[in-house]
Amino acid sequence: MIENSMFEEEPDVVDLAKDSTAFPEFPALDPDEVVYEPRSSRLLVRGLGENDLDDEEEDYESSARLLGMSFMNRSSTRSPSASPYIRQAPPRSCSRPSARMLVVGVFILVLVTSMAMVLYFLPGCTFTKTGCPKANSSTPMELVYPKSTTGEMFPWNELRLPASVRPVNYDLSLTPNLTSMTFTGRTIINMIIQHNTKRVVLHSSEINIIKATFQVGEGKSVEVKVLEYKPWQQIAVSFPGDLKEGQVCVLTLDYTANLSHTYDGFYNSSYNDKTGAKRVLAATQFEPQAARKAFPCFDEPAFKATFLVRITREPEYIALSNMPKAKTTTLPSGMLEDEFEQTSVNMSTYLVAFIVANFTSITRNVSNTLVSVYSVPEKKEHTQYALDTASRLLQFYNTVFDIDYPLRKLDLVAIPDFLAGAMENWGLITFRETSLLVQNQSSLLDKQLIANVVAHELAHQWFGNLVTMRWWNDLWLSEGFATYWQYASLMTEFPQLYLGNVFLEERFKAMAKDSLNSSHPVSVSAQVTTPEQVSEMFDSITYEKGASLLLMLNSTLPDGQFRKGLLEYLRQYRGSNTVTDDLWNSITRVAVVQVLPQQESVSDMMRTWTLQKGFPLVTVSRKGGEVTLTQEHFLLSTDNTTHTSSLWHIPVTYVNDSCSSAPSCRQMFTLRNKTATLKVSESVKWLKLNYMNTGFYIVHYGDEGWTALIDALKTDVSTLTPHDRASLIHNIFSLSRLGRVSFRQVLSLLDYTTNETETAPLTEALTQLSSVYRLLDKRPELRLVARMKAYILGHFGPLMDSQDWGVEESVSSQERRSALLELACSLGRKNCTDQATALYEQWTNSNQTNRIPGDLQRVVFSVAAQSDSGWLSLLDTYRLTTYDSEKRKILQALASTQDPRRIVWILSTVLEGGIIHTQELPLVISTVSDGFAGHLFVWDFVKESWDRIIEKFPVGSYSIQSIVKSTTSQFSTQTHLEEVQGFFSSLKERGSQMRSVQEALETIRLNQHWMDRNLATLRDWL
Ligand SMILES: [Zn+2]
């Protein structure tokens, strides 16, 4: 999956100060919310177990035995209603020891009273995480199972499913009704018993099961009772006797459900066609945990199986699924049933997909795979670029991974209402329209976005689909790789798209998040079980840091060895599931880290990067030819403590003044300890570490080191590569946040940028400066804001004014030009706003035939949207246009208005859906937040609308992370800190525990601290 806002938003305002204050403890969930015993008591029970079943079985069954349950009674009837597991919570379990003490004479009365009180409080203690009062804590058998919807005991008490049953094949038949927005389904699951067990537990959510039958081996199929435990979205069938290891069973479930009104599960979507008529369709989005909303299933990535899908539809629609269509049957009702081939591969449930819509397509045969791009009919002409790109990338990946794409067809489908950017369903990749459709004459910058998303999703067909992470804690094995390959493939196959600059910016963004205490390791060892915890794994650490670490490893290993290791990994694990160590072990088998005499293994090095959060700061100090390198954790905090406990094995690269820009200049040294010494010639004037910024670390050169580098750049900009220059700018701003360099030193480095013309360093400087500017702009610091503006325009004004407003061919120039002009116009530089206005008028006067270059559309529209007539005419265009890339930029322009009434209108309209699809809410909120007029209002809006927002966007999802971040990251006062803290803690299970909330509070504290420390200096120096 790729999240929409990952590539769509403007660079975020980054945190500007430092802090390590512990996060506030939010209130725990209400006791009533927690209906299971704590893990600790389960472990106690487990210690007493005596069978040799798998862990989950052992936990449950030995506990049951201790509880005196008659689950071994093999003679009992098979009727599930006679399930021996049914047991009321033992009311006396907390009071039993007290009862034994009742013999004590004169205290009888007192104890009886105590017992009565214990009994009175029992429901509270038995069902809480904290368990019963301490006097009873030595009783290990307090294993309590939740109650199912019928009041009977549900026979499982873990969010993860037991490993005792494995699905082999699903046979799904679905009949969606696009009028009533409901569907009926039949799911037949063939499964094999892995360990003796008395129950089958699987997932199901918002599904009304009408009938269930179960068949063991060749036996008779009998009707069974299905128990449901809604909070964990599980259903179960219990049996009086054991299902035996190796037995093959078939569970058949008939059910009805509503097509979802959110963006996951089997959901309905609509759009207006060119006549204005409303068209409906149904599509799926299952990752991470919504397949269970469309069909009951073992909805965990490790339960791979094959799937046969049948869809019944009205003749006016088409149906699509992962596999090619095998046959179509006309039913007596006149409806058509499409049967798709059974999947030729084992796959995880989250990759299953189906669509019923009236789409049209274009098609091409590529290396025995039929590649098609589908869209609504009126956008068919916008599909060609996606087809060309996908075809070329499919051939590229077939070659580079040395394993052919395993299916005979590959569909790419643009869905009018789609929350993520795209989803890699095997053989049926779904996209937001803006991520797939583009006009032929659109700018390369618009096409770059499409290529980026297509490359990401295609890479998933190997990394994620063919080899899948065992559980969501290792999601980076799917998303980090897809992100890495989206850049690697495009930089090789489409060099004209200049993805190198985008990848560099993404690495900087990942570092910003990873420098906070609220960050997490790429491979999470802590618990990732609740739906919120799983959703939160989809963040820039998993995607961009994951990809950055792969880039670092590739540039550390001798040529070709990284790919060799990956081929080994793909070959070994194709069709199955992995954990992070499997990857390192595969690469270690074929590669050793080049730079170490000790032949350090890839595992040794990479585990230091994936198992701990954060990244290192390398400080360089030099005495003649002796260079000392020291590492520490780069952690932004409001205290001045140094964080020394973490160590990384850092493949430090460096160049010096005698040879500094060619790849052959690069030298390497692994820093494994806290400190190490490196010898260089005494004649070396300066060193630049982290060549091309391929390493995931920040470097501090000390006063002398920085001065030497700054002097070198002032003498000759090209002495370092553009990415090295961008890296220096990024590093010095980061060090200023950490409090290691003064803002004067930052400005001193920026002095050289008056001679800078390359995209990467310029955009990095502009991003950093505008984030400082926007932060100051939200404070009552009018004079300082004016001086900051004067500083930016003084430095970059001539370059801004010299930009051409005509058609620009190179993507790199387009990126540079749009960054310069967007900042210029947003600061009100007249030359810019005049040119933008003129271009807008030409466009409207020519009835929109006189096109605005794609890279300039956003700035031109945003300037136009500041006037009444401009805003209204843009809104009209927004309603009518079918050009998606243009539409997105118009929406950003509309949301950039400084008119409070329009801000109110656009926020409530997007939440309502209709003219503006609700899928755009995160983009609208982030755009409104940037503006002065909107930033306070949007925070109130989010608070007031929270419940409606989380109806559409799941708690913890990337959209919610984005909304929390964009609305709070520009606050820098104690009042706002308390306000944000108060609001989120009041949400309890509706979001208070999210990592993004911790991140927001940490960021506000850092902003506050940075302001306290730097306002006075800024006043002096600007
Ligand atoms: Zn992805």
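So, how was this worked out
Residues numbered from 1 in each chain as written. Predicted model: local features only at pLDDT ≥ 70, side-chain atom pairs only at ≥ 80, totals over all residues. Heavy atoms only, no water. Disulfide = S-S within 2.5 Å. Buried < 20%, exposed > 50% of the residue type's maximum accessible area, 1.4 Å probe, protein only. pLDDT = per-residue confidence, 0-100. Contact = heavy atoms within 4.5 Å. Helix = DSSP H or I, 4+ residues; strand = E, 2+ residues; numbered from the N terminus. Donors = N, O, S within 2.8 Å, 3.2 Å for Na, K, Ca; no water. Axes fitted to C-alpha atoms, helices over the stretch in contact; angles between N-to-C directions. Parallel < 35°, antiparallel > 145°, perpendicular 65-115°, else oblique. Left-handed = near helix turned anticlockwise from the far one by under 90°. Salt bridge = Lys/Arg side-chain N within 4 Å of Asp/Glu carboxyl O. Pairing = 2+ DSSP bridges. Phe/Tyr/Trp six-rings, centres within 6.5 Å; stacked < 30°, edge-to-face > 60°. Lys NZ or Arg CZ within 6 Å of the ring centre and 35° of its normal. Lys, Arg positive; Asp, Glu negative; His and termini not counted. Polar contact = N/O pair within 3.5 Å; in protein donor to acceptor, adjacent residues only side chain to side chain. Core = buried A, V, L, I, M, F, W, Y, C linked by side-chain atoms within 4.5 Å. Expected span 1.5 Å × (residues − 1). Arc of directions from axis to C-beta.

This brings us to the state of the cysteines. The final tally for this structure, using the stated rule, is 2 disulfides. The disulfide partner of Cys-659 is Cys-665, and the S-S distance across this bridge is 1.8 Å. Given an S-S torsion of about -80°, the disulfide between Cys-659 and Cys-665 has left-handed geometry. Covalent S-S linkage joins Cys-825 and Cys-832, the inter-sulfur distance amounting to 1.9 Å. What sets the handedness of the Cys-825 and Cys-832 disulfide is the S-S torsion sign, and at about -100° it is left-handed. Across this residue pair, the class does not change: Cys-825 and Cys-832 are buried.

Considering every residue of the chain, the mean pLDDT works out to 87; 85% of them sit at 70 or more. Note on residues 9–99: pLDDT under 50 across the span, and 229 contacts to partners over four residues away in sequence or across chains. Counted against residues more than four places away or in other chains, residues 116–140, with its pLDDT under 50, gives 36 contacts.

With respect to the helices and strands, Thr-694 occurs in the loop between β28 (687–689) and β29 (698–700). By relative accessible area, Thr-694 is classed as buried at 16%. Taking the C-alpha atoms as reference points, Thr-694 and Asp-724, separated by 30 residues in sequence, lie 9.6 Å from one another. In contact with Thr-694, not counting residues within four places along its chain, are Arg-507, Ser-548, Leu-551, Met-552 and Ser-555.

Here we come to the coordination of the zinc ion. Surrounding the zinc ion are the protein donor atoms Met-1 (N), Met-1 (O), His-456 (NE2), His-460 (NE2) and Glu-479 (OE), at 2.0 to 2.5 Å. Sequence spacing of the donors to the zinc ion: M-x454-H-x3-H-x18-E. Here Met-1, found in the segment before α1 (4–8), pairs with His-456, found in helix α8 (residues 444–460); they are 455 residues apart in sequence, far enough to count as distant. Neither residue differs from the other here; Met-1 and His-456 are each classed as buried.

Another aspect to go through is the packing of helix α13 (residues 561–573) against helix α14 (residues 580–590). With their axes 8 Å apart at the nearest point, α13 and α14 run at an angle of 125° to one another. Between α13 and α14, the angle falls in the class oblique. As α13 packs across α14, the resulting crossing turns out to be right-handed. Contacts from Gln-561, Lys-564, Gly-565, Leu-566, Glu-568, Tyr-569, Gln-572 and Tyr-573 of α13 reach α14 at Asp-582, Leu-583, Ser-586, Ile-587, Arg-589 and Val-590.

Moving on, we get to the pattern of salt bridges. In this structure the tally under the stated criterion is 45 salt bridges. Here Arg-364 and Asp-388 are joined by a salt bridge, their closest N and O atoms 2.6 Å apart. Residue Arg-364 is found in strand β16 (residues 360–366), and its partner Asp-388 is found in helix α6 (residues 384–400); the two are separated by 24 residues along the sequence. For the salt bridge of Glu-632 with Arg-740, the shortest nitrogen-to-oxygen distance reads 2.9 Å. Taken as a pair, Glu-632 in strand β24 (residues 626–633) and Arg-740 in the loop between α17 (722–738) and α18 (743–750) lie far apart in primary sequence, 108 residues in all.

Below, the discussion takes up the sheet that holds strand β14 (residues 336–340). Within a sheet, each strand pairs with its neighbour through backbone hydrogen bonds, oriented either parallel or antiparallel. With mixed pairing, 8 strands are arranged side by side in an open sheet as β5-β4-β8-β2-β1-β11-β14-β13. At either end of the open sheet lies a strand with only one pairing partner, and these are β5 (222–223) and β13 (325–330). As paired elements, strand β4 (residues 208–216) and β5 share 2 bridges and run antiparallel to each other. Residue pairing in the sheet places Thr-213 in a bridge with Glu-223 of β5.

The subject of this paragraph is the packing of aromatic side chains. With the rule as written, the count across this model stands at 48 aromatic pairs. Taken together, a centroid distance of 5.2 Å and an interplanar angle of 5° make the contact between Tyr-397 and Phe-401 stacked. Given the relative accessible area of 0%, Tyr-397 is considered buried. Owing to a relative accessible area of 2%, Phe-401 belongs among the buried residues under this scheme. The ring of Phe-494 has Arg-392 lying over it, and the distance from NZ or CZ to the ring centre is 4.3 Å. Lys-952 extends its terminal NZ or CZ atom over the ring of Tyr-263, reaching a point 5.5 Å from the ring centre.

The next subject is the side chain of Glu-457. With respect to the helices and strands, the residue Glu-457 is situated in helix α8. No salt bridge is formed by the buried Glu-457, whose closest oppositely charged neighbour, Arg-432, lies at an N-O distance of 11 Å. At a separation of 3.3 Å, a polar atom in the side chain of Glu-457 contacts the main-chain amide nitrogen of Ile-2. A polar side-chain atom of Glu-457 sits 3.2 Å from the main-chain amide nitrogen of Glu-424.

Core analysis: the biggest nonpolar cluster contains 304 residues, and Phe-295, Tyr-397 and Trp-485 have the highest contact counts within it. Once you skip the residues sitting within four places of it in the chain, Phe-295 turns out to touch Tyr-170, Leu-172, Thr-187, His-203, Ile-207, Tyr-255, Phe-286, Phe-307 and Val-352.

Compared with the 18 Å implied by 1.5 Å per residue over 13 residues, the 18 Å span of α13 between its first and last C-alpha is a close match. Here α13 has its buried residues at Gln-561, Phe-562, Gly-565, Leu-566, Leu-567, Tyr-569, Leu-570 and Tyr-573. Contacts from the buried residues of α13 go to α6, α9 (476–493), α12 (540–556), β22 (577–578) and α14. Downstream of α13 by one or two residues, Gly-575 has phi in the positive range, about 85°.

Between the first and last C-alpha of helix α16 (residues 702–715) there are 20 Å, a value that for 14 residues agrees with the 20 Å anticipated at 1.5 Å per step. Buried within α16 we find Gly-702, Trp-706, Leu-709, Ile-710, Ala-712 and Leu-713. In a view along the axis of α16, the buried residues occupy a sector of 160°, so they form one face of it. Among the exposed residues of α16, those oriented more than 90 degrees off its buried face are Asp-703, Glu-704 and Thr-715. Looking at the buried positions of α16, the neighbouring elements they touch are β23 (616–623), β28, β29, α17 and α18.

Below, the discussion takes up the side chain of Asp-254. By the secondary structure assignment, Asp-254 is in strand β8 (residues 248–258). For Asp-254, a relative accessible area of 17% corresponds to the buried category. A polar contact is formed between the side chain of Asp-254 and the side chain of Arg-186, at a distance of 2.8 Å. With sequence-adjacent residues up to four places away left out, Asp-254 is seen in contact with Gly-185, Arg-186, Asn-208, Ile-209, Ile-210 and Lys-211.

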